[in-house]
Amino acid sequence: MMVRLVILAELVAIAAAFAMPESLQAWVLISVVLATAALMVAIFPPPSSLGLAKLLRPSLVVVLAAPALWMALQAVPMPIGKLGNPIWATASATLNEPLAEKITVDTTATMVSLVQYCAVLAAALAAAVIALDRYRAAQLLHILLSIATIVTALWFGREIAGVAGPDGSTVAVLGVLLSCATAIRAVDQILRRSRPGTIALGPLPALSVATIALIVCMAALLIRGNATAVVSAILGLEILLSVFAVRRWFPGLWGTAGVLATATIVFIATATVIPFRTNTDLTIVLSTSSQAATERMLQDVAPAGSGAGASTVLLPIYQDAGVGDSPERPTAAATIVIDMGWAFLCAVVVAALLCATVLIRRALLRAYDYVFPALGAGALIAVTILAFSDHGILGLGASLLVAALIGLAFGQSLSDAARDAISSGSKATSDQIADQAPAPRRTLTPTLVAIWPRVSLMVLGIVLIVEAAWMALPERYLGARSSLPSVLSTAAAGPSAMSKTSSLAAAREDLWIRGGSRFNRDSALAALRSSPLRGDIWLLLAATSKHSSPQPNTAAMLRMSYYTAPNDLDLLPLRVSVALAADVMVREPDLRELIKRDVSLVVRHRPALKPALVTAYRLASADGKIYFEGLISELDPAFLDQVHAQSSRRGSR
């Protein structure tokens, strides 16, 4: 019963990750479900869970905990100031208060990434416990195949209909591998169970379903996937088929060497088909989309990275203006380098290749059920290639699916792991009955062996529960971006709505602060202490400090808004209004250039915001009006006449 509940938890978590958008509610639900699964296995272990001690050794626990510890280290204050990101020192000088320097530029983003990693780890370990039983492993294989096929079919349908959505190439590749593994397992069962002149009928339904799933996933890849995704699927299939050929037709040392040599040659020949980009960073060599902003971020990345999850915060700063409708997506490899550093990416790639090698070796040593470790090896090779092609592997749903698949592979990688553990416990019990005074060490051996993985799972479950509670707290404790005033979100509503909103904002700037019921100066400062790259918050503080703070402080906050959100077109109306409202700001050369850039962006890329410029001109200072008129006369002389006409018309009312 307990194992069925753990399987159900895995199914609910992965299905929710694909069905729900990556929102706060989805994170909380998935964290709670996977934490429950981990705690159930730790507190009420099934008989087969004793075999987990053979897989989850103390050294492996340390390796798995290292990424989580590194993410946590990025979010804590550095003992030496120079170890942190320079943005913290700049923000501290602007706010005139001490801010502890950290490696990450966004504490909230790093903590959310830590939540995702813990969820992925829990999914992998729970799947490994389930897979220790061969029949449960088969059930989990069929469940993962069903999820991958359904998600791929939905993605293919959206692509055909022209509906925008996340890229499903990664899930399609995993679907191809899962369907091929299911088919190989069914064929192997047919060959072993069939009597001479007959065919075993039991595995035929699984073979039929696997064939249909393979057709669906491969068709989706060939029609809508890119060349790299197709090649990665082929390379993963090659590993599966090579292990199958060795186990069925070429046993022995020389047969294995011949098949592996042939597979290596085919592997290298197939890899040459992958389209490589030249004269670019290694992490984006396989990407087929534009990666201009990613290249600029990679040039500025620090050895320790910018903090897990920071790439999503940094991307708008490096991205060109006017590309909001088609945002750039860095590849998974580039994201890891930006967030965690080059050394971390190298360690991840080396670990993936070593794990794939171990799984291939264990698959060749298995008498039966060798398809599970072979599937894991093929998936590791495929996702490693995909990491340099797109961002899909870092998605919540795809990462949980990969984690469950790898847990399934390692759970069935050791020959008779569960049975050996159970028989060891049974032997200890029989010895205790035979000898009324058994040695304490002998009777406690099974417990001591199993206690380490159970403690690890319990700690992981507790951490996930704490993280879920942290995410469920009010948004003001998270510095969440959803606390922005709703006025900003109306920028895309249309010219008339934007004109009304921007006029209101320029005339009464306090409404920008009151736009969110829980947004005030204290919460704004708390948000900046979590992430000093919040250009919207810097602008709001500059708008409210014009009359309550010295002008140099307002100018410094305005500069921070320009530097941290240079291409956010939704901030332009208020930012231009604040910049032109004081003579001292217009007279500073650097601010004059920044104002010119904002006005140019409105005139050239967002004509719907021109009414906001009229309002900013009407409320500008004397020097601000003179400078604004000079800018418009250079950029759009015809619009200058409209500015004068509309401004005089409103002034006469």
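Calculation criteria
Residues numbered from 1 in each chain as written. Predicted model: local features only at pLDDT ≥ 70, side-chain atom pairs only at ≥ 80, totals over all residues. Heavy atoms only, no water. Helix = DSSP H or I, 4+ residues; strand = E, 2+ residues; numbered from the N terminus. Buried < 20%, exposed > 50% of the residue type's maximum accessible area, 1.4 Å probe, protein only. Contact = heavy atoms within 4.5 Å. Areas by Shrake-Rupley, 256 points an atom, 1.4 Å probe, with all protein chains shown as cover. Salt bridge = Lys/Arg side-chain N within 4 Å of Asp/Glu carboxyl O. Patch = residues over 30% accessible without salt bridge, like charges linked within 9 Å, V, L, I, M, F, W, Y side chains within 5 Å. Axes fitted to C-alpha atoms, helices over the stretch in contact; angles between N-to-C directions. Nonpolar A, V, L, I, M, F, W, Y, C, P; charged D, E, K, R; others polar. Phe/Tyr/Trp six-rings, centres within 6.5 Å; stacked < 30°, edge-to-face > 60°. Lys NZ or Arg CZ within 6 Å of the ring centre and 35° of its normal. Core = buried A, V, L, I, M, F, W, Y, C linked by side-chain atoms within 4.5 Å. pLDDT = per-residue confidence, 0-100. Polar contact = N/O pair within 3.5 Å; in protein donor to acceptor, adjacent residues only side chain to side chain. Expected span 1.5 Å × (residues − 1). Left-handed = near helix turned anticlockwise from the far one by under 90°.

A closer look at the overall build of the protein
- Helix and strand counts for the protein come out as 30 helices and 0 strands.
- Within the protein, the proportion of its 653 residues that are buried is 52%.
- Look at the contacts in the protein between residues 6 or more apart in sequence, and 77% of them connect residues 24 or more apart.
- Accessible surface for the protein amounts to roughly 29100 Å². Of this, 65% is attributable to carbon and sulfur atoms.

With respect to the pattern of salt bridges
- Applying the stated criterion to the full structure yields 9 salt bridges.
- Two residues, Asp590 and Arg559, come together in a salt bridge whose shortest N-O distance is 2.5 Å. Here the residue Asp590 occupies a position in helix H27 (residues 589-605), and Arg559 occupies one in helix H24 (residues 551-564), the gap between them amounting to 31 residues.
- The residue Arg587 makes a salt bridge to Asp623 at a minimum N-O spacing of 2.7 Å. Of the two residues, Arg587 sits in the loop between helix H26 (583-586) and H27 while Asp623 sits in helix H29 (residues 622-635), which places them 36 residues apart along the sequence.
- Take Arg587: its relative accessible area is 56%, and that puts it in the exposed class.
- We classify Asp623 as partly exposed; its relative accessible area is 24%.

Points about a nonpolar patch on the surface
- There is a patch of nonpolar side chains on the surface, built from Ile43, Phe44, Met458, Ile462 and Val466 and spanning about 470 Å² of accessible area.
- It is helix H19 (residues 440-471) that contributes the most residues to the nonpolar patch, 3 residues altogether.
- Inspection of the secondary structure assignment puts Met458 in helix H19.

As for the packing of helix H9 (residues 204-224) against helix H10 (residues 227-248)
- Axis separation between H9 and H10 bottoms out at 9 Å; the angle between their running directions is 145°. For the pair H9 and H10, contact is made by Met218, Leu221 and Leu222 and by Ala229, Val230, Ala233 and Leu237, respectively.
- Per-class residue counts for the contact of H9 with H10 are 7 nonpolar, no polar and no charged.

A few points about the packing of aromatic side chains
- Counted under the stated rule, the structure contains 1 aromatic pair.
- The interplanar angle of 35° and the centroid separation of 5.5 Å between the aromatic rings of Tyr617 and Phe628 together place this pair among those described as tilted. Taken together, the residues Tyr617 in helix H28 (residues 610-618) and Phe628 in helix H29 connect sequence positions 11 residues apart.
- In this structure, Arg134 packs its charged tip against the face of Tyr135, placed 5.9 Å from the ring centre.
- Taking NZ or CZ as reference, Lys610 lies 5.0 Å from the ring centre of Phe639, over its face.

Structural notes on the nonpolar core
- Ranked by internal contacts, the top residues of the largest apolar core, which has 192 residues, are Leu34, Leu144, Leu240, Leu400, Leu558 and Val599.
- Top contributing element to this core by residue count: helix H6 (residues 107-131), with 18 residues.
- Residues contacting Val599, with those up to four places away along its chain left out, are Val576, Leu613, Phe628, Leu631, Ile632 and Leu635.

Description of helix H22 (residues 521-530)
- Buried within H22 are the following residues: Ser523, Ala524, Leu525, Ala527, Leu528 and Ser530.
- Buried positions along H22 lie against helix H5 (86-95), H6 and helix H23 (535-544).

Things to note about the environment of Ala227
- For Ala227, the location among the structural elements is in helix H10.
- Accessibility expressed as a relative area gives 41% for Ala227, which makes it partly exposed.
- Separated by 48 residues in the primary sequence, Ala227 and Pro275 have C-alpha atoms spaced 7.4 Å apart.

Comments concerning the confidence of the model for the protein
- With 79% of its residues at a pLDDT of at least 70, the protein reaches an overall mean of 79.
- Counting contacts from residues 417-445, a segment whose pLDDT is below 50, to residues more than four positions away or on other chains yields 19 contacts.
- Every residue in residues 475-519 is under pLDDT 50, and counting partners more than four places away or in other chains gives 72 contacts.

Looking at the side chain of Asp636
- Within the secondary structure layout, Asp636 lies in the loop between H29 and helix H30 (637-651).
- Reaching out from Asp636, the side chain makes a polar contact with the side chain of Lys610 at a distance of 3.2 Å.
- Not counting residues up to four positions away in its chain, the partners in contact with Asp636 are Val603 and Lys610.

Quick look at the side chain of Asn567
- Looking at the element boundaries, Asn567 is found in the loop between H24 and helix H25 (572-580).
- Among the residues examined, Asn567 registers a relative accessible area of 15% and is labelled buried.

Quick word on the environment of Val32
- Locating Val32 in the fold gives a position in helix H2 (residues 24-43).
- Sequence separation of Val32 and Glu467 is 435 residues, and the distance between their C-alpha atoms is 9.1 Å.

As for H27
- For H27, built from 17 residues, the straight-helix expectation of 24 Å at 1.5 Å per residue is met to within 8% by its first-to-last C-alpha distance of 24 Å.
- Within H27, burial applies to Leu591, Leu594, Ile595, Asp598, Val599, Ser600, Leu601, Val602 and Val603.

Side note on the environment of Arg224
- One can find Arg224 in helix H9.
- Beyond its immediate chain neighbours, meaning those up to four positions away, Arg224 contacts Trp155, Phe156, Glu159 and Ile160.

What to know about unusual backbone geometry
- Despite not being glycine, Asn96 shows a phi value in the positive range, around 60°.
- Relative to the assigned elements, Asn96 resides in the loop between H5 and H6.
- Among the residues examined, Asn96 registers a relative accessible area of 64% and is labelled exposed.

What about the packing of helix H12 (residues 292-300) against helix H14 (residues 332-340)?
- Orientation of H12 relative to H14, taken along the N-to-C sense of each, is 35°, at an axis distance of 10 Å. Read as a crossing pair, H12 and H14 show a hand that is left-handed. In contact with Thr294, Met297 and Leu298 of H12, H14 contributes Ala334, Val337 and Ile338.
- Across the contact of H12 with H14, the residue classes break down as 5 nonpolar, 1 polar and no charged.

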